[in-house]
Amino acid sequence: MDTVNTDDVTPRTETVETGAGTARVTWLAAPAPRLVLALGHGAGGGIEARDLRALGAALPAHGVSVALVEQPWRVAGKKLAPAPKTLDTGWRGLWPALAAPGPPVVAGGRSAGARVACRTAAELGARAVLALSFPLHPPGRPEKTRADELLGCGVEALVVQGGNDPFGKPAEFPPGDYRITEVPYGDHGFSVPKKSGLTEERAMEILTASVAGWLADLT
């Protein structure tokens, strides 16, 4: 199981049966939540990703419960993510558990998880979408754009993108009804080179502050 380190919040784990298999949710609950932020992982990693960990640690203090979602393929120990349709099936099956606490749910995730959130937000009734490291296109293939998924999500959205993300730099994103925040020098995993002068801690502060401010504006 992926591990999540937080400073002040005790994680609670819940398993959920979906049409794609058994999924798992790690809850980092706010004392008096006004929102739930559900975050799915990417195709190459799990909920141990630095941005997901940082949000899970920071947001409960801002009145946002964080639900870190592990898709069934990851729970089953498989190395490769399934097709997008199967990822969407897993996410849909999780939604009742994510909505059960009561507050509005913001759908989110990093990379492939961001795409899932965008594709399903309107049908599931998500309050908004948080897209971390949205893979606008495969590296070196800008013509293979996935902009329609973001532009068609049907709800308010925030994109947080690394300045050097090979899957799409902030300047490559098309105009649309969404906000975008840049983490300077960040790659697809928000890692920053030492020569940039920006520490990983500062990069995560930029990310979490941007997300916390945006979420505050939603209520």
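These numbers come from a predicted model, not from an experiment. (Residues numbered from 1 in each chain as written. Predicted model: local features only at pLDDT ≥ 70, side-chain atom pairs only at ≥ 80, totals over all residues. Heavy atoms only, no water.)

## Details of the packing of helix H1 (residues 50-58) against helix H6 (residues 200-218)
For step 1, the next point in the chain: Between H1 and H6, whose axes approach to 10 Å, the crossing angle comes to 60 degrees. The angle between H1 and H6 falls in the class oblique. Along this stretch, H1 crosses H6, giving a crossing that reads as right-handed. Residues Arg50, Asp51, Ala54, Leu55 and Ala58 of H1 form the contact with H6, whose own contacting residues are Glu200, Met204, Leu207, Thr208 and Val211. (Axes fitted to C-alpha atoms, helices over the stretch in contact; angles between N-to-C directions. Helix = DSSP H or I, 4+ residues; strand = E, 2+ residues; numbered from the N terminus. Parallel < 35°, antiparallel > 145°, perpendicular 65-115°, else oblique. Left-handed = near helix turned anticlockwise from the far one by under 90°. Contact = heavy atoms within 4.5 Å.)

## Considering the nonpolar core
For step 1, the next point in the chain: The biggest cluster of nonpolar side chains holds 36 residues, and the ones touching the most others in it are Val25, Trp91, Trp95, Leu98, Phe134 and Leu150.
For step 2, the next point in the chain: Apart from the residues lying within four places of it in its own chain, the contact partners of Val25 are Arg12, Thr13, Glu14, Val16, Ala67, Leu68, Val69, Leu94 and Leu98.
For step 3, the next point in the chain: In terms of nonpolar packing, the next biggest core, distinct from the first, is built from 33 residues, Leu52, Val106, Val183 and Ala203 among them. (Core = buried A, V, L, I, M, F, W, Y, C linked by side-chain atoms within 4.5 Å. Buried < 20%, exposed > 50% of the residue type's maximum accessible area, 1.4 Å probe, protein only.)

## What about helix H3 (residues 84-99)?
For step 1, the next point in the chain: An ideal rise of 1.5 Å per residue puts 22 Å on 16 residues; H3 measures up with 22 Å between its terminal C-alpha atoms.
For step 2, the next point in the chain: Bending of H3 peaks at approximately 30 degrees at the position of Gly93, with proline Pro96 no more than four residues after it.
For step 3, the next point in the chain: Within H3 the residues assigned to the buried category are Leu87, Asp88, Gly90, Trp91, Leu94, Trp95, Ala97 and Leu98. (Expected span 1.5 Å × (residues − 1). Bend = angle between axes of the 7 residues up to and from the residue.)

## Some details on the environment of Trp73
For step 1, the next point in the chain: Here Trp73 is to be found in helix H2 (residues 72-75).
For step 2, the next point in the chain: When the C-alpha positions of Trp73 and Leu52 are compared, they lie 18 Å apart, and in sequence the two are 21 residues distant.
For step 3, the next point in the chain: The residues contacting Trp73, other than those within four sequence positions of it, are His41, Gly42, Ala43, Lys78, Lys79, Leu80, Ala81, Pro82 and Leu87.

## Section: the pairing of strand E7 (residues 156-162)
For step 1, the next point in the chain: Among the 7 residues in E7, 6 count as buried, and that is most of the element.
For step 2, the next point in the chain: Both strand E6 (residues 128-132) and E7 contribute to a ladder of 5 bridges, which runs parallel. Within E7, the residue paired with Leu130 across the bridge is Leu158. (Pairing = 2+ DSSP bridges.)

## Considerations on the side chain of His137
For step 1, the next point in the chain: Note that His137 resides in the loop between E6 and helix H5 (147-151).
For step 2, the next point in the chain: One polar contact links His137 to Glu172, side chain to side chain, over a distance of 2.7 Å.
For step 3, the next point in the chain: The contacts of His137, once residues within four sequence positions are left out, are Pro142, Lys144, Thr145, Arg146, Pro166, Phe167, Gly168 and Glu172. (Polar contact = N/O pair within 3.5 Å; in protein donor to acceptor, adjacent residues only side chain to side chain.)

## Some thoughts on the pattern of salt bridges
For step 1, the next point in the chain: Scanning the entire structure with this criterion turns up 12 salt bridges.
For step 2, the next point in the chain: Close ionic contact of Arg119 with Glu149 constitutes a salt bridge, the shortest N to O distance being 3.3 Å. Here Arg119 is found in helix H4 (residues 112-124), whereas its partner Glu149 is found in helix H5, with 30 residues between them in sequence.
For step 3, the next point in the chain: With its nearest N and O atoms 3.3 Å apart, the salt bridge here joins Arg202 to Glu205. With Arg202 and Glu205 both in helix H6, this residue pair falls 3 residues apart, about one helical turn.
For step 4, the next point in the chain: The class for Arg202 is partly exposed, based on a relative accessible area of 41%. (Salt bridge = Lys/Arg side-chain N within 4 Å of Asp/Glu carboxyl O.)

## Some points on the state of the cysteines
For step 1, the next point in the chain: Under the criterion given, the structure shown has 0 disulfides.
For step 2, the next point in the chain: For the unlinked cysteine Cys118, the closest cysteine sulfur is that of Cys153, found at 5.1 Å.
For step 3, the next point in the chain: Classification of Cys118 as buried rests on a relative accessible area of 2%.
For step 4, the next point in the chain: The class of Cys153 is buried, set by a relative accessible area of 3%. (Disulfide = S-S within 2.5 Å.)

## A look at the packing of H3 against H4
For step 1, the next point in the chain: H4 packs onto H3 with a crossing angle of 45 degrees between their chain directions and a minimal axis gap of 10 Å. Between H3 and H4, the angle is such that the two are oblique. Note on packing geometry: the crossing formed by H3 with H4 is right-handed. Across the interface between the two elements, Pro84, Leu87, Asp88, Trp91, Arg92 and Trp95 of H3 pack against Val116, Ala117, Arg119, Thr120, Glu123 and Leu124 of H4.
For step 2, the next point in the chain: Partitioned by chemical class, the residues of the contact of H3 with H4 number 7 nonpolar, 1 polar and 4 charged. (Nonpolar A, V, L, I, M, F, W, Y, C, P; charged D, E, K, R; others polar.)

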